[in-house]
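Each chain is listed here by its residues.
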Amino acid sequence: MSCCIDSSVFSHDSDSLAEALGVSEEERLKATRLVDEALRLRKVSEMVELIWSERCDDLSVQAKVYATLKLGMDIYRIILESMLVERGGAPVESGEGSS
């Protein structure tokens, strides 16, 4: 398994994190489904294990990094939404800029 991402695959002019990491649309969709599945688990360590161990051969290193970052952003969004709800605010809509 590769241990790092070749810097030549990065596209810093892209608005999409997946594109910036060089993740194909097919792998982006797989990674997004994997993150959705991971979010149903109880512990963050289990979520990361699902991405990096259990599905090791299904995704490229770039897609696993994308999934891990997306997982973190989604967890953060969920926390912020619950804080807003507790304070009487409306939940924030999930946007494309985070994927």
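Residues numbered from 1 in each chain as written. Predicted model: local features only at pLDDT ≥ 70, side-chain atom pairs only at ≥ 80, totals over all residues. Heavy atoms only, no water.

(A) Geometry of the overall build of the protein. A tally of helices and strands in the protein yields four helices and zero strands. Listing the helices and strands of the protein from first to last along the sequence gives α-α-α-α. Expressed as a percentage of its 99 residues, the buried residues of the protein come to 29%. At a minimum sequence separation of 6, the contacts of the protein that also span at least 24 residues come to 60%. Accessible surface, the protein: about 6,600 Å² in total, of which carbon and sulfur atoms supply 53%. (Helix = DSSP H or I, 4+ residues; strand = E, 2+ residues; numbered from the N terminus. Buried < 20%, exposed > 50% of the residue type's maximum accessible area, 1.4 Å probe, protein only. Contact = heavy atoms within 4.5 Å. Areas by Shrake-Rupley, 256 points an atom, 1.4 Å probe, with all protein chains shown as cover.)

(B) Region of interest: the pattern of salt bridges. For the coordinates displayed, the defined rule picks out four salt bridges. For glutamate 25, the salt bridge is made with arginine 28, and the minimal N-O distance between the two is 2.8 Å. Pair noted here: glutamate 25 and arginine 28 are both in helix H2 (residues 25-38), with a separation of three residues, about one helical turn. Classification of glutamate 25 as partly exposed rests on a relative accessible area of 47%. Judged by its relative accessible area of 16%, arginine 28 falls in the buried class. Lysine 30 is the salt-bridge partner of glutamate 26, the closest N and O atoms lying 3.9 Å from each other. Taken together, the positions of glutamate 26 and lysine 30, both in helix H2 and four residues apart, correspond to about one turn of that helix. Owing to a relative accessible area of 55%, glutamate 26 belongs among the exposed residues under this scheme. For lysine 30, a relative accessible area of 33% translates into the label partly exposed. (Salt bridge = Lys/Arg side-chain N within 4 Å of Asp/Glu carboxyl O.)

(C) Spatial organisation of helix H4 (residues 61-86). Helix length check: H4, at 26 residues, gives a terminal C-alpha distance of 38 Å against a target of 38 Å (1.5 Å per residue), a fit within 8%. Inspection of H4 places Val61, Gln62, Ala63, Lys64, Tyr66, Ala67, Lys70, Leu71, Asp74 and Glu81 among the buried residues, and these make up the whole buried set. Elements that come into contact with the buried residues of H4 comprise helix H1 (17-20), H2 and helix H3 (44-54). Following H4 by one or two positions, glycine 88 has its phi on the positive side, about 90 degrees. (Expected span 1.5 Å × (residues − 1).)

(D) Spotlight on the confidence of the model for the protein. Scored by pLDDT, the protein comes out at a mean of 83, with 83% of its residues at no less than 70. Mean pLDDT values for the elements of the protein range from 89 in H3 up to 93 in H2. (pLDDT = per-residue confidence, 0-100.)

(E) Layout of a nonpolar patch on the surface. Taken together, the side chains of Tyr76, Ile79, Leu80 and Met83 define a hydrophobic patch exposed on the protein surface, amounting to about 370 Å² of accessible area. Its place among the elements puts leucine 80 in helix H4. For leucine 80, a relative accessible area of 35% corresponds to the partly exposed category. (Patch = residues over 30% accessible without salt bridge, like charges linked within 9 Å, V, L, I, M, F, W, Y side chains within 5 Å.)

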